[in-house]
Amino acid sequence: MKKSIGFQGRLTGWIQVSMGELVGGARRRWSGLGLLVLGVGALLNLWVTPALGSFSDSGESFTGVYFSSVAWGDVDNDGDLDLLLTGTAASPVTTLYLNNGDGTFSPHPSQSFPGVSDGSVAWGDADNDGYLDLFLTEPTGATLYLNDGTGSFSADTSQSFPDVASSSVAWGDADNDGDLDLFLTGDTGDGYVAMLYLNDAGSFEASSQVFTGVYFSSVAWGDADNDGDLDLFLTGYTGTSPVAKLYLNSGTGSFEASSQSFTGVEWSSVAWGDVDNDGDLDLLLTGFGTGYVATLYRNKGAGSFEATSQPFPGVFRSSVAWGDADNDGDLDLFLTGDTGDGYVATLYLNNGAGSFSVSSESFPGVYAGSVAWGDMDNDGDLDLLLTGSIGGSQVAKLYQNDASDSNSAPTAPTTLNATTSGTDATLSWRAATDTKTLADGLNYKLRVGTSSGADNILPAMASSDGWRKIAAIGPVQKNGAAYTWTLHGLVPGQTYYWSVQAVDTALAGSPWATEAQFFVNQAPTNLSLSNSSVAESQPIGTVVGTFTTTDPNAGDTFTYSLVSGTGSADNGSFTISGNTLKTAAIFDYETKNSYSIRVQTRDAGGLTFQKVFTITVTDVAENTYLLWTK
């Protein structure tokens, strides 16, 4: 950016610069490195690299709350992020604020939800209809609200979930079948629960999987070991002690507690994020255990973690969130909570290798609050919502990011490929690129449907141009040396259409990759022959019978061939034309009356089935001639 100032004297080189200008009637501060060129007592040209990630209070009026939960999501499909806010003000509140399109907000004019304190909220497309639904917990109810597509919601009374206090909830596809499952923790009044609810076409059923029941808890999904399925991190109080456990996914939605050790915490917050852009998820853990805790665990690969030393104060009644505040291609951290000596709300900037320093930005310290990043004004940088108690009163403030260097979305992934096996499909692609985020630091989101452009199997939660309807990382990271994801439980005989987008550290989605498709094939299961006998003395080329294949895929086509193997001793005496078995020899019943052949059927997808047949030769009465002589 070029700026001009008056300067007396002569200087050429880089200097630190701080200056200001009026932009749209408001004063904007610029600072950074400036390059001075030219100059003796004249107007001097100065090229300035502006400060990145400078925040100012937007002035938006929200109800101040604590013991709160907040979430960004485009509920009315108009291309901007709306806001759900819960917590305690004078009494518990739950308010949906609609984005007016200019970064200002208005309460939804007709939608109401029960007021919630010390609950949890999460957006997700529960029924794969393309709209964001809402799960909301509270002591007197845990309810799924379905979106009609306009941002109006109704409770799904067909579903039953336990009432929970001091709870946490998170959406994630636990069993890789394409739809969002739900994890729920909290205090039911009769005990503490941690339950996985599996989604079957929008209907939820509690899994038999056993997890440690907790409250004052936090849960988060993430592929900790880069094996292509979502693992689960859980914290909270069991009634006797605080815990922090990593549950590893077997790949089909069953979980086993990892042997990895983490500091047990309650009144906690956890968040996955690839802080060092090396392609695996690191973990931030805060809360109260043997003291006040704020520990960053770095993933060394394959889900092995080590604690690192960072300048974070231990906090409880805390909230943490990863996001690229300064658009430099790495994840920064916002942290709030009670240190025991006071309340904090601090932005920590990533120095580029997963080490952090305190930003000069100032925010009111809070506890029992919630923080969430989201680009609410679509200007290419992450804004911040902050709630909580400042001690005696509550706040809910929206801080607008004034970064001058806006983020650009990644390029679309390329070279989509699908490999099917039974009712599973493994989808793969080549990495996207980004001007800021390293390739290994990108993550990915897929969509899958049964028609072109559809996402009724795996919801996109993004618009057709790739704009993200929720402010979150994608669930897929680099899997070893490749980018892959496997879907289970697909329907045989169905063609599926799919695409994938990249998501960068500023939570921006790339355009969708050029759509690809695949067919779910299953192998034939049986082979039959209409007739298995032939009369003796028939000419070569005589028809014996026709083959028919049993296959799960309706309308499949097949080719037939004689193959070697057990039972193929007499293959040379026959030929197959199309699906017809013919003789390749003239048979004599008295010489040999039983022949064994081995036949293979191959479907259009290349899957096969083999079977041995016995062909019998039938006797034909022969004419007898008597020769009389005198």
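About the criteria used
Residues numbered from 1 in each chain as written. Predicted model: local features only at pLDDT ≥ 70, side-chain atom pairs only at ≥ 80, totals over all residues. Heavy atoms only, no water. Pairing = 2+ DSSP bridges. Helix = DSSP H or I, 4+ residues; strand = E, 2+ residues; numbered from the N terminus. Axes fitted to C-alpha atoms, helices over the stretch in contact; angles between N-to-C directions. Buried < 20%, exposed > 50% of the residue type's maximum accessible area, 1.4 Å probe, protein only. Contact = heavy atoms within 4.5 Å. UniProt positions renumbered as here; feature names shortened; annotations may be inferred. Domains from an automatic or database assignment. Core = buried A, V, L, I, M, F, W, Y, C linked by side-chain atoms within 4.5 Å. Phe/Tyr/Trp six-rings, centres within 6.5 Å; stacked < 30°, edge-to-face > 60°. Lys NZ or Arg CZ within 6 Å of the ring centre and 35° of its normal. Polar contact = N/O pair within 3.5 Å; in protein donor to acceptor, adjacent residues only side chain to side chain. Salt bridge = Lys/Arg side-chain N within 4 Å of Asp/Glu carboxyl O.

(A) A look at the sheet that holds strand β17 (residues 203–206). Read across the open sheet, the four strands follow the order β14-β15-β16-β17; overall the sheet is antiparallel. Each of the sheet's edge strands pairs with one partner strand only, and the pair in question is β14 (165–172) and β17. Across the sheet, the axes of successive neighbouring strands diverge by a mean angle of 25°, strand direction being ignored. Relative to strand β16 (residues 192–200), strand β15 (residues 181–187) runs antiparallel, the two sharing six bridges. Paired with F183 across the strands is L196, a residue of β16.

(B) Geometry of the side chain of T95. Tracing the sequence through the fold places T95 in strand β8 (residues 92–99). A relative accessible area of 19% means that T95 is categorised as buried. Look past the residues within four positions of T95 in its chain and what remains in contact with it is L83, L84, L85 and P107.

(C) Spatial organisation of the pairing of β15. Burial runs high along β15: six of the seven residues are buried. Pairing of β14 with β15 involves six bridges; the strand directions are antiparallel. The partner of A165 across the bridge, within β15, is D187.

(D) View of unusual backbone geometry. The backbone of N77 shows a phi angle near 55°, a positive value even though the residue is not glycine. Here N77 is to be found in the loop between β6 (66–73) and β7 (82–88). Classification of N77 as partly exposed rests on a relative accessible area of 29%.

(E) Focus on the UniProt feature "domain: Fibronectin type-III" (unreviewed entry) in the chain. Those places that UniProt annotates as "domain: Fibronectin type-III" (unreviewed entry) correspond, in this numbering, to residues 409–523. The span residues 409–523 shows a helical share of 0% and a strand share of 35%, and its end C-alpha atoms are spaced 42 Å apart.

(F) Looking closely at the sheet that holds strand β38 (residues 516–519). Taken in spatial order, the three strands make up an open sheet running β35-β37-β38, and their pairing is antiparallel. Both edges of this open sheet fall to β35 (443–449) and β38, since each of them pairs with a single strand only. Taking the axes of each pair of neighbouring strands and ignoring which way they run, one obtains an average angle of 30° across the sheet. Across seven bridges, the pairing between β35 and strand β37 (residues 495–503) is antiparallel. By the bridge assignment for β37, V448 is matched with W498.

(G) The arrangement of the domain arrangement of the chain in detail. By the assigned domains, the chain splits into domain 1 (55–401), domain 2 (414–520) and domain 3 (526–618). Distance from the C-alpha centre of domain 2 to the C-alpha centre of domain 3: 45 Å.

(H) Quick look at the nonpolar core. Counting residues in hydrophobic clusters, the biggest one holds 39 residues, and the most contacted among them are F183, W221, W429, Y444, L446 and W498. The element that contributes the greatest number of residues to this core is β37, accounting for four residues. Counting the residues that make up this core, at least three belong to each of domain 1 (55–401) and domain 2 (414–520). Those residues in contact with W221 that sit more than four places away from it in its chain are A170, W171, G172, A174, F183, L196, L230, D231, L232, F255 and W272. Membership of the second largest hydrophobic core comes to 31 residues, among which are V75, L136, M461 and I470.

(I) Up close: the packing of aromatic side chains. Within this structure, the stated rule accounts for 49 aromatic pairs. For the pair W123 and F153, a centre-to-centre distance of 5.8 Å together with 40° between the ring planes defines the contact as tilted. Placement of the pair is W123 in strand β10 (residues 121–124) and F153 in strand β13 (residues 153–155), with a sequence separation of 30 residues. We classify W123 as buried; its relative accessible area is 8%. By relative accessible area, which is 10% here, F153 ends up buried. Sitting above the plane of the W512 ring, R447 keeps its charged end 5.4 Å from the centroid. Taking NZ or CZ as reference, K592 lies 4.6 Å from the ring centre of Y595, over its face.

(J) Broad picture of the environment of L349. Examined against the element boundaries, L349 turns out to sit in strand β28 (residues 343–350). We classify L349 as partly exposed; its relative accessible area is 22%. Measuring from C-alpha to C-alpha, the distance between L349 and S360 comes to 9.7 Å, with eleven residues separating the pair along the chain. Not counting the four nearest positions on each side in its chain, L349 is found in contact with D326, D332, S355, F356, S357 and S359.

(K) Region of the structure containing the environment of W72. Position of W72 relative to the elements: it lies in strand β6. Judged by its relative accessible area of 5%, W72 is buried. Residues W72 and S404 lie 332 residues apart in sequence; the distance between their C-alpha atoms is 23 Å. Polar side-chain contacts of W72 include one of 3.2 Å to the backbone oxygen of A372.

(L) Fine view of the pairing of β28. Taking burial as the measure, the eight residues of β28 include six buried ones, the bulk of the element. What sits between the antiparallel neighbours strand β27 (residues 332–338) and β28 is a turn of four residues, in which G340 has the positive phi angle 95°. Examined bridge by bridge, β28 and strand β29 (residues 356–358) share three bridges and lie antiparallel to one another. Each residue of the ladder has a partner; that of Y348, found in β29, is V358. Hairpin connection, β28 to β29: the antiparallel pair is bridged by five residues, and G352 has positive phi, about 115°.

(M) Expanded view of the pattern of salt bridges. Applying the stated criterion across every chain yields a total of six salt bridges. When the shortest N-O distance is used, the salt bridge between D57 and K397 registers 3.1 Å. Separated by 340 residues along the polypeptide, D57 in strand β5 (residues 55–57) and K397 in strand β32 (residues 394–401) bring together distant segments of the chain. Residue D57 is classed as partly exposed on the basis of its relative accessible area of 41%. Residue E515 pairs with R447 through a salt bridge whose shortest N-O separation is 3.1 Å. Highlighted residues: E515 in the loop between β37 and β38 and R447 in strand β35, separated in sequence by 68 residues.

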